[in-house]
2 protein chains.
Amino acid sequence: MSVDASTPTPVDVAMMSRALELAEQAAAIGEVPVGAVIYRGETILAEAHNLRESDRDPTAHAEMLALRDAARHMASWRIEDCTLAVTLEPCPMCAGALINARIPRLVYGAPDPKMGAVDTLYQICTDVRLNHRMVVIRSVEADRCATVLQAFFQARRGANPPGKPTPPNDE
Amino acid sequence: MSVDASTPTPVDVAMMSRALELAEQAAAIGEVPVGAVIYRGETILAEAHNLRESDRDPTAHAEMLALRDAARHMASWRIEDCTLAVTLEPCPMCAGALINARIPRLVYGAPDPKMGAVDTLYQICTDVRLNHRMVVIRSVEADRCATVLQAFFQARRGANPPGKPTPPNDE
């Protein structure tokens, strides 16, 4: 049976569900809810959620933390033979990090109209001018991924109605 | 006296000299020689050089390490009122991180024809579609910055002539 390279496998879908759980954990501590998982076959090598506010670190997006953790486990900056699944389309920083890490496969959930750098504003992960490209599987559990983000921002707007100062974590 | 926003100040040039010293330190330990300094006025807040090989971390470019260190010192992911000077045009990851950190001003040395994401392949730092932009000062000590890189790669080619395996740190 041939496999369509643009279609998620059952493992991809299961990993996206895990990434969604991580996103929910982020929301519970006031972080913009994005989760990421790096896996080889059915084995999770690293997982993380956004920690920008908690760590006070502008680079602490879910994908970056998962990449760094996977690299530690593999004792190499090359993260080969793996897939990264993330609930939101990666931003320029994270798309660039996926290139730098030589990740061969990306699965993402909701598109990001403001910062998306895989399809929306840039196509960094498939740019033939760069020294690496990857397979990209899009819109996996996109509605669930978008709903988690929408619920987070709606709740925050409710807690910060117009006229109150904007909270600092404006993604 | 008006100041041309596209011209480096004497402080910018001095900081680039410091970034070049850091790049030389990187070369001495086998890292691709790129150095970065973050400063406010004449005060250095953070400095770093590339540590990808030593740290086995695909995100350990000079700019990323300097941003994370500056954020630690400022106890905030927003790195405001600062300039980052770096010897090589930032790649997509680092240009995206500068946006995410809200850095208001970037000074860079040599252009990067393969990965440059500020002017060469992308214009991430000045893209009006993103939620932040910065002043960019280009080609500061560009020849010196390029020479450090060329000398490093020439020496490595000498140590690894054609036919021998390629070393792993192919930037």
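Here goes a summary of the coordinates provided. Computed from a predicted structure; not experimentally measured. (Residues numbered from 1 in each chain as written. Chains lettered and ligands numbered in written order. Predicted model: local features only at pLDDT ≥ 70, side-chain atom pairs only at ≥ 80, totals over all residues. Heavy atoms only, no water.)

1. With respect to the overall build of chain A
Then, in step 1: Scanning chain A from N- to C-terminus turns up five helices and five strands.
Then, in step 2: Listing each helix as α and each strand as β along chain A from the N terminus yields α-β-β-α-α-β-α-β-β-α.
Then, in step 3: What you see for chain A is a C-alpha radius of gyration of 16 Å, in line with the 16 Å of a compact globule of 171 residues.
Then, in step 4: Along the first, second and third principal axes, the C-alpha atoms of chain A reach 55 × 35 × 30 Å.
Then, in step 5: Considering only contacts within chain A whose residues lie at least 6 apart along the sequence, 59% involve residues at least 24 apart. (Helix = DSSP H or I, 4+ residues; strand = E, 2+ residues; numbered from the N terminus. Rg over C-alpha atoms; globule rule 2.2 N^0.38 Å. Contact = heavy atoms within 4.5 Å.)

2. Digging into the relation of the copies chain B and chain A
Then, in step 1: Placing chain B over chain A gives an RMSD of 0.0 Å and needs a rotation angle of 180 degrees, together with 0.0 Å of translation along the axis. Between the two chains, the operation in question is that of a two-fold axis. Closest approach to the rotation axis among the C-alpha atoms of chain B is made by Met-93 of chain B, whose C-alpha sits 1.9 Å away.
Then, in step 2: Taken together, the interface assignments show that 100% of the residues at the interface of chain B recur at the interface of chain A, consistent with an identical surface on both copies. (Least-squares fit on C-alpha atoms with pLDDT ≥ 70 in both.)

3. Considering the interface of chain B and chain A
Then, in step 1: With 37 residues of chain B in contact, the opposing surface of chain A contributes 37 residues.
Then, in step 2: For the pair chain B and chain A, the summed buried surface comes to about 3,200 Å²; carbon and sulfur atoms form 59% of the total.
Then, in step 3: On the chain B side of the contact with chain A, Pro-58, Trp-77 and Tyr-122 of chain B bury the most area, a combined 21% of that side's loss.
Then, in step 4: In this assembly, chain B and chain A are joined by two salt bridges.
Then, in step 5: Inspection of the region where chain B meets chain A yields eight residue pairs in polar contact (both at pLDDT 80 or more). (Buried area = accessible area lost by both parts, 1.4 Å probe. Salt bridge = Lys/Arg side-chain N within 4 Å of Asp/Glu carboxyl O. Polar contact = N/O pair within 3.5 Å; in protein donor to acceptor, adjacent residues only side chain to side chain.)

4. Structural notes on the side chain of Thr-83 of chain A
Then, in step 1: Here Thr-83 of chain A lies in strand S3 (residues 83–88).
Then, in step 2: Non-local contacts of Thr-83 of chain A, meaning those with residues more than four positions away in its chain, are made with Asp-12, Val-37, Ile-38, Tyr-39, Arg-105 and Val-107 of chain A.

5. Let's talk about helix H1 (residues 10–28) of chain A
Residues lying three or four places apart along an α-helix face the same way, a consequence of the helix completing one turn every 3.6 residues.
Residues and elements named next belong to chain A.
Then, in step 1: The first and last C-alpha atoms of H1 sit 28 Å apart over 19 residues, in line with the 27 Å expected at 1.5 Å per residue.
Then, in step 2: All of the buried residues in H1 are Asp-12, Met-15, Met-16, Ala-19, Leu-20, Leu-22, Ala-23 and Ala-26. All buried residues of H1 project into a common sector of 165 degrees when viewed along the axis, lining one side. Those residues of H1 that are exposed and angled more than 90 degrees off the buried face are Pro-10 and Ala-28.
Then, in step 3: Buried residues in H1 make contact with strand S1 (35–40), strand S2 (43–49), S3, strand S4 (105–110) and helix H5 (142–159).
Then, in step 4: Directly beyond the C-terminal end of H1, a positive phi value near 85 degrees is found at Gly-30. (Expected span 1.5 Å × (residues − 1). Buried < 20%, exposed > 50% of the residue type's maximum accessible area, 1.4 Å probe, protein only. Arc of directions from axis to C-beta.)

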